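Structure assessment
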Amino acid sequence: MIRITVVTITYNAADVIGRTLQSVLAQDYRDVEHIIVDGASSDQTLTIAFDYKQRSDQQHCGHTVSIVSEPDSGIYDAMNKGLKLATGHYVVFMNAGDTFSKATTLSAVAASADSEPMPAVVYGDTDVVGNDGEFLYRRRLSPPEHLSWRSFRQGMLVCHQAFYARTDLAKAAPYDLRYRFSADVDWCIRVMKEAERRQLPLVNLHQTAACYLEEGQTTRNHRASLRERFDVMRRHYGLVTTLCMHAWFAIRQCIRK
């Protein structure tokens, strides 16, 4: 049976962590490992997390929950801690405020991954939600039918929360801590590059895989994030290609206005 590791990164997230934990608890798929990596929160985040663990254990739903709380050097440092602890066949990052789209999401992921060879990545669509978890809109960038590492030249077509990576590949490509806001983009590309090297498939789930919170860290630091993304693209696709794609992004934005 395919085991799926869900990693949740938290820091003083008491106002939004509850719906994320409930979303994992509601999954009908049984073989789930949930790792909560907390950055030494000073609010009620840990109280909520330990209450959730107790409820999960009492339900005997086949989920295992572990909680780590200690200072870290930022979100990607915390994600690397989660990666090191992951024991599932696949890993997905569902952070505080993010949720699965439905109770059957992980069952669908596991069914899509149940093949030989096991896909390097299972990926899906994403909806954007507000602070109360209400649906706002479908994410503008949508995943292509056939994804490869070259696809991200057009932007991050698959949201990080809808990107289920094979854990062995993910562990071999930890998050690059030189990036504060865009290490997830770099990580996804490197995982997909390794998939191509090993000739492993990337499988489209053909459904919404995640709902993510609109006002995240990247949104709050938009300009710095754009600078980092330019550097990520330059490293992977070359300067000329990156300049051409950003010129097209600018033209496209003007046309929309």
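Structure first, text after, so check above.
Residue indices follow the written sequence of each chain, beginning from 1 at its first position. This being a predicted model, a pLDDT of at least 70 is required before a residue's local features are given, and a value of 80 or more before pairs of side-chain atoms are given or counted; all residues contribute to the totals for chains, interfaces and linings. Hydrogens are left out, water is left out, and the side-chain values use all remaining heavy atoms of the structure.

**Quick notes on the overall build of the chain**
Helix and strand content of the chain: nine helices and eight strands. In this treatment the radius of gyration is a C-alpha quantity, and the globule benchmark scales as 2.2 Å times the residue count to the 0.38 power. By the compact-globule yardstick of 18 Å for 257 residues, the chain fits well, its C-alpha radius of gyration being 18 Å. If you line up the chain on its principal axes, its C-alpha atoms span 55 × 45 × 30 Å. Relative accessibility under 20% of the residue-type maximum defines a buried residue, over 50% an exposed one, and the middle range a partly exposed one, all with a 1.4 Å probe and only protein chains included. The buried share of the chain, taken over its 257 residues, is 51%. Of all intrachain contacts in the chain linking residues separated by at least 6 positions in sequence, the fraction that spans at least 24 positions is 79%. Helix and strand definitions here come from DSSP, where helices need a minimum of 4 consecutive H or I residues and strands a minimum of 2 consecutive E residues; each element is numbered from the N-terminal end. When checking whether two residues touch, look at their non-hydrogen atoms; a contact exists if any pair is within 4.5 Å.

**As for unusual backbone geometry**
Backbone geometry follows two general trends: most residues other than glycine have a negative phi, and most peptide bonds adopt the trans configuration. Here the bond from Glu-116 into Pro-117 is cis, since omega is 0 degrees, no more than 30 degrees from zero. Residue placement: Pro-117 occurs in the loop between α4 (105-113) and β5 (121-129). Residue Asn-12 is not a glycine yet carries a positive backbone phi of 45 degrees. Structurally, the position occupied by Asn-12 is in the loop between β1 (4-10) and α1 (17-25). For Asn-12, a relative accessible area of 29% corresponds to the partly exposed category. Positive phi values are uncommon outside glycine, yet Ala-40 reaches one of about 65 degrees. Secondary-structure assignment places Ala-40 in the loop between β2 (32-38) and α2 (45-59).

**Concerning the side chain of Thr-20**
Looking at where Thr-20 falls in the secondary structure, it is placed in helix α1. Note on Thr-20: relative accessible area 0%, which makes it buried. We call two N or O atoms a polar contact when they sit within 3.5 Å, provided that within protein one can donate a hydrogen and the other can accept it, with sequence-adjacent residues counted only if both atoms are side-chain atoms. A polar side-chain atom of Thr-20 sits 3.4 Å from the main-chain carbonyl oxygen of Asn-95.

**Things to note about the pattern of salt bridges**
Here, a salt bridge means any Lys or Arg side-chain nitrogen found within 4 Å of an Asp or Glu carboxyl oxygen. Using the criterion set out here, one finds 16 salt bridges in the structure. Measuring nitrogen to oxygen at the nearest pair gives 2.5 Å for the salt bridge that ties Asp-127 to Arg-138. Of the two residues, Asp-127 sits in strand β5 while Arg-138 sits in strand β6 (residues 135-138), which places them eleven residues apart along the sequence. Owing to a relative accessible area of 11%, Asp-127 belongs among the buried residues under this scheme. A salt bridge links Asp-168 to Arg-166, with the nearest nitrogen and oxygen atoms 2.8 Å apart. Looking at Arg-166, the relative accessible area reads 13%, which means it is buried. Residues joined by salt bridges that share partners form a network here, namely Arg-166, Asp-168, Glu-194, Arg-197 and Arg-198.

**Overview of the pairing of β1**
Summarising burial for β1: seven of the seven residues are buried, a large majority. Because side chains alternate across β1, one face comprises the buried residues Ile-4, Val-6, Thr-8 and Thr-10, and the other comprises Thr-5, Val-7 and Ile-9, equally buried. When β1 meets β2, the two strands line up parallel, connected through seven bridges. Note on β2: the bridge partner recorded for Thr-8 is Ile-36. Crossovers are described as right-handed under a simple rule: with the strands pointing away from the observer, the path leading from the first strand over the helix to the second runs clockwise. On the question of chirality, the crossover connecting β1 to the parallel β2 by way of α1 is right-handed. Being paired, for any two strands, means DSSP has found at least two bridges between them.

**Section: a nonpolar patch on the surface**
A grouping of Phe-135, Leu-136 and Tyr-137 is seen on the molecular surface, where their side chains present a nonpolar patch of about 290 Å² in accessible area. Within the secondary structure layout, Phe-135 lies in strand β6. The patches reported here contain residues having more than 30% relative accessible area and no salt bridge. Joining distances are 9 Å for like charges and 5 Å for nonpolar side chains (Val, Leu, Ile, Met, Phe, Trp, Tyr). Each accessible area value is a Shrake-Rupley result obtained with a 1.4 Å probe; residue values ignore everything except the protein chains displayed when judging cover.

**So, the packing of α1 against α2**
α2 packs onto α1 with a crossing angle of 15 degrees between their chain directions and a minimal axis gap of 10 Å. One finds that α1 runs roughly parallel with respect to α2. The handedness of the crossing between α1 and α2 is right-handed. In contact with Ile-17, Gly-18, Leu-21, Gln-22, Val-24 and Leu-25 of α1, α2 contributes Ile-48, Ala-49, Tyr-52, Arg-55, Ser-56 and Gln-59. Under the scheme applied here, ten amino acids are nonpolar (Ala, Val, Leu, Ile, Met, Phe, Trp, Tyr, Cys and Pro), four are charged (Asp, Glu, Lys and Arg), and all others, including Gly, are polar. Of the residues contributing to the contact of α1 with α2, the split by class is seven nonpolar, four polar and one charged. Every axis in this analysis is a line fitted to C-alpha atoms, fitted for helices over the stretch in contact. Angles between the N-to-C directions lie between 0 and 180 degrees. Throughout, the term roughly parallel applies to angles under 35 degrees, roughly antiparallel to angles over 145, roughly perpendicular to angles from 65 to 115, and oblique to all others. Crossing handedness follows the turn of the near helix against the far one: under a right angle anticlockwise gives a left-handed crossing, and clockwise gives a right-handed one.

**Describing the nonpolar core**
Formed by 75 residues in total, the largest nonpolar core has its most connected members in Phe-152, Phe-163 and Trp-187. It is helix α6 (residues 183-198) that contributes the most residues to this core, eight residues altogether. The contact partners of Trp-187, leaving out residues within four places of it in the chain, are Leu-83, Phe-93, His-160, Phe-163, Ala-165, Ala-170, Ala-173, Pro-174 and Tyr-175. By convention a nonpolar core is built from buried Ala, Val, Leu, Ile, Met, Phe, Trp, Tyr and Cys residues, the set being connected through side-chain atoms within 4.5 Å.

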